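Per-entry structural report
So the chains spell out like this:
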Amino acid sequence: MKKILYTMLIFCFFCSSAQAGFKEFVAELKHDISATWDSSKYDAYIPIYAWHNRLTYDQEHIDKYNENPWGFGLGKSRYDEKGNWHSLYAMGFKDSNKHLETFFGYAYMKNWQIGDNPDLRAGVGYTLGFTQRTDWYYLPMPAPLPIAGIEYKRLAIQGAYVPGVKNDGNVLFLWTKLSLN
C-alpha cells in the first residue's frame, strides 16, 4: 500500500510540476507576443527553397514536386534583452503542388553571436503557427515547427523543417528575412 501511495504522490508531483511549467510558458508566451506586437520593427520574408528530403521521397514524387516556393511575407519583430529574436508574421507561397499556401504565426529564436562580430548571429528556436493549403480546403491547421537561422546585420537566412512520413512532409523550407527598419 505504501508503494502505491508513494507512486501516486510522485505522479502528482510530476503532473503539478509539468502544469506549473506549462503555465509559466504560456504566461511568458503571452508577454512575448504582446511585446512583439507593440514593436515598431518590420521585416520582409522571401521564400527561396523547399527541399524534399531525398531519403523519404521516391523519385516519382521528387520529379513532380515544386521546390521553388515563390512568395512573400511581412512581419513585426524584436530582439529581447538577451539578443533573442521574436516575430509575428504572415507568408504566402507556392506549395509543393504549385498551389497557394499561407503560414502565419509567432516565431522565437535563441541567438548566439558568431566570433567577435556582434552583427553576425546564428540561432535555433520554434514557430507556433497555422498553415492553410488547398488540399485541406484552406482550413487553418496548427503547425508547430523547429526553426534555425543565420543573420548578418539586416539580412537572415532562416528555415523550418516540416516532419512527415514516406512521400509526405519531410520538407526543409528556407526563406530570407530582411529587416526593413
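Per-chain numbering applies: the sequence of each chain, read as written, is numbered from 1 onward. Under the rules for a predicted model, residues below a pLDDT of 70 receive no local features and side-chain atom pairs below 80 are neither given nor counted, while totals for whole chains, interfaces and linings still include all residues. Excluded from the side-chain calculations are hydrogens and water; all other atoms, namely the structure's heavy atoms, are used.

1. Remarks on the environment of Asn170
Helix and strand assignments follow DSSP, with helices taken as H or I runs no shorter than four residues and strands as E runs no shorter than two, numbered in order from the N terminus. Its location among the elements puts Asn170 in the loop between β7 (155-162) and β8 (171-179). For the pair Asn170 and Trp51, spaced 119 residues apart in sequence, the C-alpha separation works out to 8.5 Å. Residue contacts follow a heavy-atom distance rule, with two residues in contact if any of their heavy atoms lie within 4.5 Å. Excluding residues that lie within four positions of it along the chain, Asn170 makes contacts with Trp51, His52, Asn53, Thr56, Tyr57, Tyr161, Val162, Pro163, Gly164 and Val165. A distance of 3.1 Å separates a polar side-chain atom of Asn170 from the backbone oxygen of Val165. We define a polar contact as two N or O atoms separated by no more than 3.5 Å, with the added condition that, inside protein, one atom must be a possible hydrogen donor and the other a possible acceptor, whereas residues neighbouring each other in sequence contribute only through side-chain atom pairs.

2. With respect to the nonpolar core
By nonpolar core we mean a set of buried residues, namely Ala, Val, Leu, Ile, Met, Phe, Trp, Tyr and Cys, connected to one another through side-chain atoms within 4.5 Å. Any residue under 20% of the maximum accessible area for its type is buried, any over 50% is exposed, and the rest in between are partly exposed; the area is computed with a 1.4 Å probe on protein chains only. Counting 19 residues, the largest nonpolar core has Tyr45, Trp85, Met91, Phe103, Ile147, Phe173 and Trp175 as the members making the most contacts within it. Those elements that place two or more of their residues in this core are β1 (41-52), β3 (85-94), β4 (100-113), β6 (141-152) and β8. Sorting elements by how many residues they give to this core places β3 first, with four residues. For Met91, the contacting residues outside a window of four places in its chain are Tyr45, Pro47, Phe72, Gly73, Glu101, Thr102, Phe103, Phe173 and Trp175.

3. Comments concerning the pattern of salt bridges
What makes a salt bridge here is a side-chain nitrogen of Lys or Arg within 4 Å of a carboxyl oxygen of Asp or Glu, nothing more. If you walk through the whole model with that rule in mind, you get seven salt bridges. Ionic pairing is found between Arg133 and Glu101, a salt bridge with its closest N-O pair at 2.9 Å. Here Glu101 lies in strand β4 and Arg133 lies in the loop between β5 (120-132) and β6, a separation of 32 residues in the sequence. The two residues Arg133 and Glu101 agree in class, both being buried. Overlapping salt bridges, with partners in common, bring together Asp95, Glu101, Arg133 and Asp135 in one network.

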